[in-house]
Amino acid sequence: MVEIRKLALDGVYEIVPAKHGDERGFFSETYNAALLAKQGIELAFVQDNQSLSKSAGVLRGLHYQLPPFAQDKLVRVVRGAILDVAVDIRASSPTYGKWLALEVSAEKWNQILVPKGYAHGFVTLVPDTEVIYKVTDRYAPDHERSIRFDDPALGIDWGFPTAGVTLSAKDRGAPLLADAEVFS
């Protein structure tokens, strides 16, 4: 049976699919729209993405897309482990600027659902980490935005020395939340 747990911020969930094993290995239904709909989570995913990070300390984020191409994300790790972070960037939300972190790993077999209105990022905790995530809208570069991972106003604890992370040039140059275009 799939476990679905609400996390501390509105609309963010941890999902742990059932995993059935025997001497051959295992089988798991990693996504089932009908089971999520029974919990009030109805999403239509249109694209799957996958990343490989070769070393621990690779930080990707904080990313999001603005409407009309905002994306819900269902994130899982098929090899390795990440600390996944969701930041509420809905200006009208009582938890605006608040964040939560969840370790997502192949070993835990868990997933995180990050809804529209949140910036999302993760840092790899071990080498050779592969992340797969589903999104509810296509990649739209003109609507893509980022927030600086080490914004002091957010105070995110990445569980990793931020001076030692590996970043893309885009992420290194991302604006602070106070200067970013966010959800109204």
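Owing to the predicted nature of the structure, the values given are computational and were not obtained by experimental measurement. (Residues numbered from 1 in each chain as written. Predicted model: local features only at pLDDT ≥ 70, side-chain atom pairs only at ≥ 80, totals over all residues. Heavy atoms only, no water.)

With that settled, the discussion passes to the sheet that holds strand E8 (residues 81–88). Reading across from one edge, E9-E8-E11-E6-E13 is the order of the 5 strands in this open sheet, with antiparallel pairing throughout. Edge positions in the sheet fall to strand E9 (99–105) and strand E13 (144–146), since each of these pairs with one other strand and no more. Within the sheet, the average angular offset between the axes of one strand and its neighbour, ignoring direction, is 25°. As paired elements, strand E6 (residues 59–65) and E13 share 3 bridges and run antiparallel to each other. In the strand pairing of E13, glutamine 65 is matched with glutamate 144. (Pairing = 2+ DSSP bridges. Helix = DSSP H or I, 4+ residues; strand = E, 2+ residues; numbered from the N terminus. Axes fitted to C-alpha atoms, helices over the stretch in contact; angles between N-to-C directions.)

Direction of pairing for strand E7 (residues 73–79) relative to strand E10 (residues 111–114): antiparallel, over a ladder of 4 bridges. Within E10, the residue paired with leucine 74 across the bridge is leucine 113. The sheet contact formed by E7 and strand E12 (residues 129–135) spans 6 bridges and is antiparallel. Bridge pairing in E12 links valine 75 to tyrosine 133.

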